[in-house]
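Structural description and commentary
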Amino acid sequence: MSDWNLPWNAACLCGQVKMRITATPVVSMACHCTGCQKLTSGPYSLSLLLPVDGFEVTEGAPVVGGLHAENQQMFCPHCKNWLFTRMPALPFVNFRPGMLEDASWVRLIIETMTRERLPYATTGAEFSYEGFPAPEDYGPAMAAFADHGARPPAN
Ligand SMILES: [Zn+2]
Ligand SMILES: [Zn+2]
């Protein structure tokens, strides 16, 4: 597919950390869990799952924060924005699309942990799970995203 208009530039709120995305994302997600509610100070977290080879920090030095767990939630050392999550066991990075120069085009394909969803928090996601989806559930969602997931507008 050539209609993704890559690469994309991204930055944290203060601009110390800059990132570059050069590969097509695999799927878009919202997570309603109470952990994500606390981390974002909002109703849910947003993710674009990116191939690890297609994601690069080009400026600044993100630090581990959040739960300091095996999956490392990475933050700007200055403005403390939650930027992305490294997942050492998987060939993907969970990138927060709010860091993109233009995040207005992003639409959600998967929503997870709806059993902890705040009553007013709706996402329009096509695939909805009360918990976290099983690994085999990602196949159909990724296929839907590749087929008709929202693309950024042409520059
Ligand atoms: Zn969550
Ligand atoms: Zn920052």
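Okay, so let's go over this structure. For clarity, every value in this text was computed on a predicted model and none was experimentally measured.

**Here we look at the sheet that holds strand β2 (residues 18–21)**
Either a parallel or an antiparallel arrangement is found when strands of a sheet pair, and the pairing is made through backbone hydrogen bonds. Taking strand neighbours across the sheet as the criterion, the three strands line up as β1-β2-β5 in an open arrangement whose pairing is antiparallel. Each having just a single partner strand, β1 (8–11) and β5 (55–59) make up the two edges of the open sheet. Averaged over neighbouring strand pairs, the angle between their axes works out to 30° when direction is ignored.

**Comments concerning the coordination of the zinc ion (ligand 2)**
The coordination sphere of the zinc ion (ligand 2), as far as protein atoms go, consists of Cys12 (SG), Cys14 (SG), Cys76 (SG) and Cys79 (SG), spread over 2.3 to 2.4 Å. Metal-centred angles of 106 to 114° between the four donor atoms at the zinc ion (ligand 2) mark the site as tetrahedral. Counting residues between consecutive donors of the zinc ion (ligand 2) along the chain gives the motif C-x1-C-x61-C-x2-C. You can see cysteine 12 sitting in the loop between β1 and β2 and its partner cysteine 79 sitting in the loop between β7 (72–75) and β8 (82–86), a full 67 residues away along the chain. Judged by its relative accessible area of 5%, cysteine 12 falls in the buried class.

**Considerations on the pattern of salt bridges**
A full pass over the atoms with the stated rule returns one salt bridge. Between arginine 151 and aspartate 3 there is a salt bridge, and its shortest N-O distance comes to 3.6 Å. Here arginine 151, found in the segment after α2 (138–148), pairs with aspartate 3, found in the segment before β1; they are 148 residues apart in sequence, far enough to count as distant.

Reading the values: rules and limits
Residues numbered from 1 in each chain as written. Chains lettered and ligands numbered in written order. Predicted model: local features only at pLDDT ≥ 70, side-chain atom pairs only at ≥ 80, totals over all residues. Heavy atoms only, no water. Pairing = 2+ DSSP bridges. Helix = DSSP H or I, 4+ residues; strand = E, 2+ residues; numbered from the N terminus. Axes fitted to C-alpha atoms, helices over the stretch in contact; angles between N-to-C directions. Donors = N, O, S within 2.8 Å, 3.2 Å for Na, K, Ca; no water. Tetrahedral: all angles 85-135°; square planar, octahedral: opposite > 155°, others 65-115°. Buried < 20%, exposed > 50% of the residue type's maximum accessible area, 1.4 Å probe, protein only. Salt bridge = Lys/Arg side-chain N within 4 Å of Asp/Glu carboxyl O.

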